[in-house]
Amino acid sequence: IADHMYRMSLMSMIASFSDGALDTDRCIRLALIHDLAEARVGDITPHCGVSDEEKHRLELETMEYISATLGPLLGGEAILELWKEYEEGTTEEAKLLKDLDKIEMILQAQEYEEEGSHEKSLDQFFTSTEGKWKTDIGRAWAEEIVSRRKKNDG
């Protein structure tokens with residue numbers, strides 16, 4: 001998860017610069033926190049057979065544990081609130097991060113294809129994101145990645 005969260009942090013910083021209405025620091029904080037629960041529960045994907053409700057419960061329990069362990073003096077409450085903000089996806093910053101999470105996934109898939117490190121088609125990663133963009137930035141970045149992928153295929 002470390003490389004994913006680091007790249008997400010850089011992407012969120014760069015993306016937020018292009019929209020003056022976004023709080024850059026908040027975007028970076030959300031990026032650093034959004035998958036923190038995975039350090040304990042693992043990366044639960046749709047292929048794991050775990051319901052969305054169960055996944056949320058497991059991750060919430062983990063984030064509450066982390067929050068309690070850190071306590072208020074070390075930012076435990078703030079970290080839990082940032083995670084909840086991301087999960088709810090209602091703020092503009094959280095919407096951007098939801099998009100960037102998908103962007104990072106298709107970017108990684110594109111890189112795997114360029115390296116030739118996967119024998120199977122990675123089309124599912126691209127098709128799973130189609131029409132799911134919540135921000136103009138996410139839509140534009142995805143279109144650019146898909147465009148580069150098509151250029152490399154041709």
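Since this is a predicted model, take the numbers as computed values, not measurements. The residue count restarts for each chain, going from 1 along the sequence in the order it is written. For this predicted model, a pLDDT threshold of at least 70 governs which residues receive local features, and a threshold of 80 or more governs which side-chain atom pairs are given and counted, while totals over whole chains, interfaces and linings are taken from all residues. Note that water and hydrogens are dropped before the side-chain values are worked out from all heavy atoms of the structure.

With respect to the packing of aromatic side chains
In this scheme Phe, Tyr and Trp rings, the latter by its six-membered ring, pair at centre separations within 6.5 Å, and the angle between planes marks the pair as stacked below 30 degrees, edge-to-face above 60, and tilted otherwise. Under the definition given, this model contains zero aromatic pairs. Here, over-ring charges are defined by two tests on the NZ atom of lysine or the CZ atom of arginine: distance to the ring centre within 6 Å, and angle to the ring normal within 35 degrees. The ring of tyrosine 65 carries arginine 40 above its face, with NZ or CZ at 4.1 Å from the centroid.

Quick notes on helix 4 (residues 52-70)
Where helices and strands are cited, they refer to DSSP runs of H or I of at least four residues and of E of at least two residues respectively, numbered from the N terminus. Expected helix span is given by 1.5 Å per residue-to-residue step, counting one fewer step than there are residues. Between the first and last C-alpha of helix 4 there are 27 Å, a value that for 19 residues agrees with the 27 Å anticipated at 1.5 Å per step. Of the residues making up helix 4, those classed as buried are Glu59, Thr62, Met63, Ile66 and Ser67. Viewed end-on, helix 4 has its buried residues packed into an arc of 140°, placing them on one side of the element. Set apart from the buried face of helix 4 by more than 90 degrees, the exposed residues are Glu53, Ala68 and Thr69. Should any heavy atoms of two residues lie within 4.5 Å, those residues are considered in contact. Next to the buried residues of helix 4 lie helix 2 (24-33), helix 3 (38-41) and helix 5 (76-88). Remark: exposure states derive from per-residue accessible area (1.4 Å probe, protein chains only) relative to the maximum for the residue type, with buried under 20%, exposed over 50%, and partly exposed in between. It is the directions from the helix axis to the C-beta atoms that the arc portrays.

Quick word on the packing of helix 5 against helix 6 (residues 92-115)
What describes two packed helices is the angle between their axes and the distance between those same axes. To define axes, lines are fitted to C-alpha atoms, for helices over the stretch in contact only, and angles between the resulting N-to-C directions are given on a 0 to 180 degree scale. With their axes 8 Å apart at the nearest point, helix 5 and helix 6 run at an angle of 70° to one another. With respect to helix 6, the element helix 5 is oriented roughly perpendicular. Residue-level inspection shows Glu85, Tyr86 and Glu87 of helix 5 in contact with helix 6, the latter providing Glu93, Ala94, Leu97, Lys98 and Asp101. Here the word oblique covers every angle except those under 35 degrees (roughly parallel), over 145 (roughly antiparallel) and from 65 to 115 (roughly perpendicular).

A look at a nonpolar patch on the surface
There is a patch of nonpolar side chains on the surface, built from Tyr6, Leu10 and Ile14 and spanning about 310 Å² of accessible area. Secondary-structure assignment places leucine 10 in helix 1 (residues 2-17). Patch membership requires over 30% relative accessible area and the absence of a salt bridge. Like charges are linked within 9 Å, and nonpolar side chains (Val, Leu, Ile, Met, Phe, Trp, Tyr) within 5 Å. Shrake-Rupley sampling with a 1.4 Å probe provides the accessible areas, and residues are treated as covered by the protein chains on show and by no other component. Between Lys or Arg on one side and Asp or Glu on the other, a salt bridge is scored when a side-chain nitrogen of the former is within 4 Å of a carboxyl oxygen of the latter.

A short note on the packing of helix 6 against helix 8 (residues 136-153)
At a closest axis distance of 9 Å, the pairing of helix 6 and helix 8 adopts a crossing angle of 10°. The angle between the axes of helix 6 and helix 8 places the two elements in the roughly parallel class. Residues Leu96, Asp99, Leu100, Ile103, Ile106, Leu107, Gln110, Glu113 and Glu114 of helix 6 form the contact with helix 8, whose participating residues are Ile137, Gly138, Trp141, Ala142, Ile145, Arg148, Arg149 and Asn152. Per-class residue counts for the contact of helix 6 with helix 8 are nine nonpolar, three polar and five charged. Charged means Asp, Glu, Lys or Arg here, nonpolar means Ala, Val, Leu, Ile, Met, Phe, Trp, Tyr, Cys or Pro, and polar covers whatever is left, Gly included.

Description of the environment of tyrosine 112
Relative to the elements of secondary structure, tyrosine 112 occurs in helix 6. Overall, tyrosine 112 belongs to the partly exposed group, its relative accessible area being 29%. Each C-alpha atom of the pair tyrosine 112 and alanine 68 lies 39 Å from the other, and the pair is 44 residues apart in sequence.

Observations regarding the pattern of salt bridges
Across all of its chains, the model carries 12 salt bridges by this definition. A salt bridge links glutamate 54 to arginine 57; the nearest nitrogen and oxygen atoms lie 2.6 Å apart. Residue glutamate 54 and its partner arginine 57 are both found in helix 4; the two are separated by three residues, about one turn of the helix. Since its relative accessible area comes to 29%, glutamate 54 is described here as partly exposed. Where lysine 84 meets glutamate 81, a salt bridge forms, and the shortest distance between an N and an O atom there is 3.9 Å. On the criterion of helical spacing, the pair formed by lysine 84 and glutamate 81 is a turn pair, its members being three residues apart in helix 5. Each member of the salt-bridge network shares a partner with another, and the members are Arg7, Glu104 and Glu111.

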